[in-house]
Amino acid sequence: MSEIISRPIVTVTNVIWSYDFTSEKVVLLLTKKADEPFKNFWSLPETFLRATEDADTAALRLISDKIGIQLDNYHTEQLATFSSVNRTSTDRQLALAYMTFLPNLPTLTAGVGATDVAWVPMNSTDTIFTLNHPDFVVTLPDMPSDLFYQERTTGNRQPQLAFDHELVIRTAITRVRNKLDYAPSILRILGPTFTLKNARKIYANFLGVSELTIDNSNFRKTHDHLFSETGHVTVVGKGRPAKLYELKYI
């Protein structure tokens, strides 16, 4: 008898970063699932990969479908593939994960498959990272992926987000942290230009330190190979305008 092969479902999952200039916090887009599996759980935005598109195209389509914004590849990068058989107890699903750096903070409306949607601030202290929503707090795991799935399978770790999205987000944080000193794509959430003050706040958020511990002069010197001065902030009245910078690389 020939073996029956069950093909896995392939989804594209997007870690969408942005910046709230009012609270001066890095924020992440989460949606509340309307359907099973993980009904009523919060999750990262995701979509099924269509037969007629590649994953890069699906990641950008997801942005358009969920929040109505058209972006090019400049704002998106591949993160990792999550293919554990223990991602879900129902249909086998593989997730092709991306990160998107959104240079504005649009008003959100829950779309198809979601009952709610929110920009959720990320807080950090040293190596502890949390997502802080008025209705919940998610502590992101700091452990190898095999241990994460093992604990989920044995019931020692209860899911906080749908599927393995806590692990996906923590993987994204690690990627951003590791690239801060040579390719800080995360600064794209500030727009095409930024002040060193806001750049330092983002660095501090991902490093788990206070912004005050990052000296402005030293920061400018050590990151001179990454930033180019491009002008000054327009100010009204007295006060020295802050310098504006842009990333040297694309």
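Residues numbered from 1 in each chain as written. Predicted model: local features only at pLDDT ≥ 70, side-chain atom pairs only at ≥ 80, totals over all residues. Heavy atoms only, no water.

Going by what an unreviewed UniProt entry lists, the protein chain is known as NUDIX hydrolase and is assigned to Leuconostoc carnosum.

Caption draft 1: Quick peek at the overall build of the protein chain. Looking only at helices and strands, the protein chain features five helices and eleven strands. Here the C-alpha radius of gyration of the protein chain, 19 Å, is about what a compact globule of 250 residues would show, namely 18 Å. Overall size of the protein chain, expressed as C-alpha extent along the three principal axes, is 80 × 40 × 35 Å. Taken across its 250 residues, the protein chain has 48% of its residues classed as buried. Long-range pairs, those at least 24 residues apart, make up 59% of the contacts in the protein chain with a sequence separation of at least 6. As displayed, the protein chain has an accessible area near 13,100 Å², and 50% of this comes from carbon and sulfur atoms. Averaging the positions of the 26 positive and the 27 negative side-chain charges in the protein chain gives two centres separated by 5 Å. (Helix = DSSP H or I, 4+ residues; strand = E, 2+ residues; numbered from the N terminus. Rg over C-alpha atoms; globule rule 2.2 N^0.38 Å. Buried < 20%, exposed > 50% of the residue type's maximum accessible area, 1.4 Å probe, protein only. Contact = heavy atoms within 4.5 Å. Areas by Shrake-Rupley, 256 points an atom, 1.4 Å probe, with all protein chains shown as cover. Lys, Arg positive; Asp, Glu negative; His and termini not counted. Charge placed at Lys NZ, Arg CZ, Asp CG, Glu CD.)

Caption draft 2: Structural context of the environment of T125. Following the sequence through the fold, T125 ends up in strand β7 (residues 114-125). According to the relative accessible area criterion, T125 is exposed, its value standing at 55%. For the pair formed by T125 and S64, sequence separation is 61 residues and the distance between their alpha carbons is 33 Å.

Caption draft 3: Inspection of the pattern of salt bridges at higher detail. Counted by the stated rule, this structure contains 13 salt bridges. For K179, the salt bridge goes to E77, with nearest N and O atoms at 3.2 Å. A residue pair is termed long-range when its members are at least 10 positions apart, and K179 in helix α3 (residues 165-179) and E77 in strand β5 (residues 76-82) qualify at 102 residues. The exposure class of K179 is buried, given its relative accessible area of 14%. (Salt bridge = Lys/Arg side-chain N within 4 Å of Asp/Glu carboxyl O.)

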